[in-house]
Amino acid sequence: MIAELQDRLKGARQRIRRVIVWSGVSWLVIVALIGVAAAGLFDWTFHVSSELRLILLIAIGGVLAWTALRRLIIPLGVRISDLHLALRIERMHPELEESLSSTVSFDREVEDRLAGSTVLRRAVVRRALDQTRDLNFDDIVNDRPRSSANRWLIATALIALLLVALDPFGAYVAVRRLVYPFTSLEWPKRTIFAKIDFPERMAKGDPFTASVDVKGRIPDRIFIEYRFSDGQRPPASSMVASVDTKDRFVGTLEAATQPFDFAIRGGDNETDWKHWKM
């Protein structure tokens, strides 16, 4: 008879552990998603160095380890005895009057003379069985941690899916740069130099004019820098926005008297040095 109660208590104990495992794993996923998303956005905003990405990865790993310890390892390490479960059931059902806890305390194999009359003990067992037959032992399983974890998991997953949907390649770059901090993979340029026009050859002393069409994020200023064949390298000068279109910038050198190289930079982009000869 006691075995029947023990089987029911065992089922309740297993359900408690399933709640712990589900909520614990859910929180691990939540923390991982939030950590990766936050690190990716931080990297996307500031284009951080490999060393800082490594620190971010270690920090996320540390938070995951702490979460696993707090949400999984410690809770699963707590021993949940039949007596503990019986006492919880009796707190929910005072009418049992300790008959259930007394029943699970009885040794099924060894008759203890100090435990009282065998007849009385059997009567307590029968009473406990009769009183608990219609009780649902699942009532002692606190499902709120799993419900809370489910809500957070759904919300976090939806936000993560939205970020991926908005920029799939950017999400890939963010994850790869975080998981492999020393990768050579760079973020796509947000300022794009779509087209650069300049005369390939012209007469000595004529003005040199270069223009660039800018797409994506258009910065406030675009610079052109010159490097002359005699070693001179004047400070970079600002290119002027075209009156015809806001995404075209024009830079002019008043008189080209010797061969030179020039490069254009602005926002997060810059060109290689381009050579011009007379």
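Because the structure is a prediction, the values reported are computed rather than measured.

The rules behind these values
Residues numbered from 1 in each chain as written. Predicted model: local features only at pLDDT ≥ 70, side-chain atom pairs only at ≥ 80, totals over all residues. Heavy atoms only, no water. Helix = DSSP H or I, 4+ residues; strand = E, 2+ residues; numbered from the N terminus. Expected span 1.5 Å × (residues − 1). Bend = angle between axes of the 7 residues up to and from the residue. Buried < 20%, exposed > 50% of the residue type's maximum accessible area, 1.4 Å probe, protein only. Pairing = 2+ DSSP bridges. Contact = heavy atoms within 4.5 Å. Axes fitted to C-alpha atoms, helices over the stretch in contact; angles between N-to-C directions. Parallel < 35°, antiparallel > 145°, perpendicular 65-115°, else oblique. pLDDT = per-residue confidence, 0-100.

## Looking at helix α2 (residues 50-77)
In this model, α2 (28 residues) spans 38 Å end to end at C-alpha, consistent with the 40 Å of a helix rising 1.5 Å per residue. Bending of α2 peaks at approximately 40° at the position of L69. For α2, the complete set of buried residues consists of S50, R53, I60, T67, A68 and L72.

## Details of the sheet that holds strand β2 (residues 208-216)
Within the open sheet, the four strands sit side by side as β1-β2-β6-β5. Their pairing is antiparallel. If you trace the sheet from one side to the other, it starts and ends with β1 (191-197) and β5 (240-241), each paired once. Bridge count between β5 and strand β6 (residues 248-253): two bridges; the pairing is antiparallel. Directly across from V240, in β6, lies its bridge partner V250.

## Describing helix α6 (residues 144-166)
Taking 1.5 Å of rise per residue, 23 residues should cover 33 Å, and α6 covers 33 Å from first to last C-alpha, within 8% of that figure. Listing the buried residues of α6 in full gives A149, L153 and T156. On its buried side, α6 packs onto α1 (2-46).

## Let's talk about the packing of α2 against helix α7 (residues 168-179)
Between α2 and α7, the least distance of the axes is 8 Å, while the angle of their chain directions is 85°. With respect to their mutual orientation, α2 and α7 come out roughly perpendicular. Contact residues: R53, L56, L57 and I60 in α2; R177, L178 and V179 in α7.

## Observations regarding the confidence of the model for the protein chain
Per-residue confidence for the protein chain gives a mean pLDDT of 89; residues scoring 70 or more make up 95%. Across the protein chain, element-level confidence peaks in α2 with a mean pLDDT of 97 and bottoms out in helix α5 (residues 118-132) with 75. Overall, residues 107-111 carries pLDDT values under 50, and its contacts beyond four positions in sequence, including any with other chains, amount to seven contacts.

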